Amino acid sequence: MRDISVHVCFVKAVLKKATEQSYDVERLLRRSRISPRLLEQSQAWVSAEQYAKLQTVTMREMGDEMLGYCPQPFRLGQWSALCHWLIQCRTLGQAMKRFCLFYDILNQNLAPRLFVEEDRAIVEIRQVSDDAPSLDPYVYELFCFSLHRQFCWLTQENLPLTGASVPYPQPEYSEEYRPLFAGAPVEYDAEVCRLGFDRRLLEKPVKQTPQSLADFLRKPLYNTLVNSFRSRSWSQKVKDVIGDDLSAMPTFAEIATHLGLNPKQLRRQLNDEGLNYSELKVQIRRDQAIYHLSRQRTSIEEIAFLTGFSEASAFIRAFRSWTGVTPLTYRKDLS
């Protein structure tokens, strides 16, 4: 897939503290080519490119890589400095230790720790001070996502999580936690935030180099979102079979055969991941539609064909059900 789409709940989270501190949020949205009207829709989506741009311009405007959520700001360039330090590691285990040491040296708001048990490695994320007010869920969402995807990038693999726990109640948008936590089960209202890995992953080599890091840091937030390596999830395997050309989408039986399963087995595998094929097709079509609409070069009729619809009217109805607006309104709001 060329791009993914991001739910509007995360767009609102990026802007929450900026709004409270009276920054010009509408200007930040316009610079990111996101319509302010989308924030009024409970089921709106933006492209990964738009979301990453919004994160970038808001962080720069606020001078804070944690977007105003922590008592002390995370200075601009902090994450880049961490990347330069981690790229020198030989193994993932060494990178995890160095990641935790980096934040220990900073003594700044969040304190990750690595614990190794019999068969698991656990990264635990606590507040530096137990007396400090509880952090907003988005702090943990952003920190955990960045941590996990950074390790995935270093090893060039989609590293599976054995589980995750967060110290707050289950949010209304918790269905979006599947991509956030790589499909791992999530425990809510936990004592502390944790990410669990299979201990054997600690031996995986770091494959990136200073040269590849330079390319990565040209668009770090976008690359963190869209970098995809060989995944163990069946939903990703199905997406890989379908590819980008949705005008001739294979049948479920054809996909199952390609993956060496019968349809019943593949259906069971997707169900285990909390998905069915109909939901997966909607995700793929929605993501592709938003990708093409954000580029202004393709007509609505062409996008309908490219996303697997035989008629533009059917595509328009579907897109409105996904985002709350028509494709034309979505595109006009970007201009």
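About the cut-offs
- Residues numbered from 1 in each chain as written.
- Predicted model: local features only at pLDDT ≥ 70, side-chain atom pairs only at ≥ 80, totals over all residues.
- Heavy atoms only, no water.
- Salt bridge = Lys/Arg side-chain N within 4 Å of Asp/Glu carboxyl O.
- Buried < 20%, exposed > 50% of the residue type's maximum accessible area, 1.4 Å probe, protein only.
- Phe/Tyr/Trp six-rings, centres within 6.5 Å; stacked < 30°, edge-to-face > 60°.
- Helix = DSSP H or I, 4+ residues; strand = E, 2+ residues; numbered from the N terminus.
- Lys, Arg positive; Asp, Glu negative; His and termini not counted.
- Polar contact = N/O pair within 3.5 Å; in protein donor to acceptor, adjacent residues only side chain to side chain.
- Contact = heavy atoms within 4.5 Å.
- Expected span 1.5 Å × (residues − 1).
- Arc of directions from axis to C-beta.
- Pairing = 2+ DSSP bridges.

A. Spatial organisation of the pattern of salt bridges. By the definition in use, this model includes 12 salt bridges. Taking the shortest distance from any N to any O, the salt bridge between arginine 113 and aspartate 104 comes out at 3.3 Å. Aspartate 104 sits in the partly exposed class, given a relative accessible area of 41%.

B. How the structure looks around the packing of aromatic side chains. This model, assessed by the stated rule, comprises 22 aromatic pairs. Summarising the aromatic geometry, the rings of tryptophan 79 and phenylalanine 216 are spaced 6.0 Å apart at their centres and angled 45° between planes, so their arrangement reads as tilted. Within this pair, whereas tryptophan 79 is found in helix α4 (residues 78–86), its partner phenylalanine 216 is found in helix α8 (residues 210–216), the two being separated by 137 residues in sequence. Residue classification places tryptophan 79 among the buried residues on the basis of a relative accessible area of 15%. Ring centres of tyrosine 140 and tyrosine 168 lie 6.2 Å apart, and the angle between their planes is 35°; on these two criteria the pair is classed as tilted.

C. Region of interest: the side chain of arginine 149. Note that arginine 149 resides in helix α6 (residues 137–155). Despite its burial, arginine 149 pairs with no opposite charge; the closest candidate is glutamate 176, at 11 Å N-O. A polar side-chain atom of arginine 149 sits 2.7 Å from a polar atom in the side chain of histidine 148. In this structure arginine 149 touches Pro179, Leu180 and Thr224, once residues within four positions along its chain are discounted.

D. Expanded view of helix α15 (residues 312–323). Over its 12 residues, α15 extends 16 Å from the first C-alpha to the last, a length consistent with the 16 Å expected when each residue adds 1.5 Å. All of the buried residues along α15 are Phe315, Ala318, Phe319, Trp322 and Thr323. Down the axis, α15 shows its buried residues gathered within 115° of arc, on one side only. Those residues of α15 that are exposed and aimed more than 90 degrees away from the buried face are Arg317, Arg320 and Ser321. Two residues or fewer after α15 comes glycine 324, characterised by a positive phi angle close to 90°.

E. Local environment of the side chain of glutamine 127. Following the sequence through the fold, glutamine 127 ends up in strand β4 (residues 120–127). The residues touching glutamine 127, leaving out its near neighbours within four places in the chain, are Asn109, Ala132, Pro133, Ser134, Leu135 and Tyr140.

F. How the structure looks around the pairing of β4. Burial within β4 is extensive, with 6 of its 8 residues counted as buried. Bridge count between strand β3 (residues 110–116) and β4: 7 bridges; the pairing is antiparallel. Paired with alanine 111 across the two strands is arginine 126, which belongs to β4. Taken together, β3 and the strand that follows it, β4, pair antiparallel across an intervening segment of 3 residues. As judged from the 6 bridges shared by β4 and strand β7 (residues 193–198), these two strands associate in the antiparallel manner. Among the inter-strand pairings, valine 123 is bridged to a residue of β7, identified as leucine 195.

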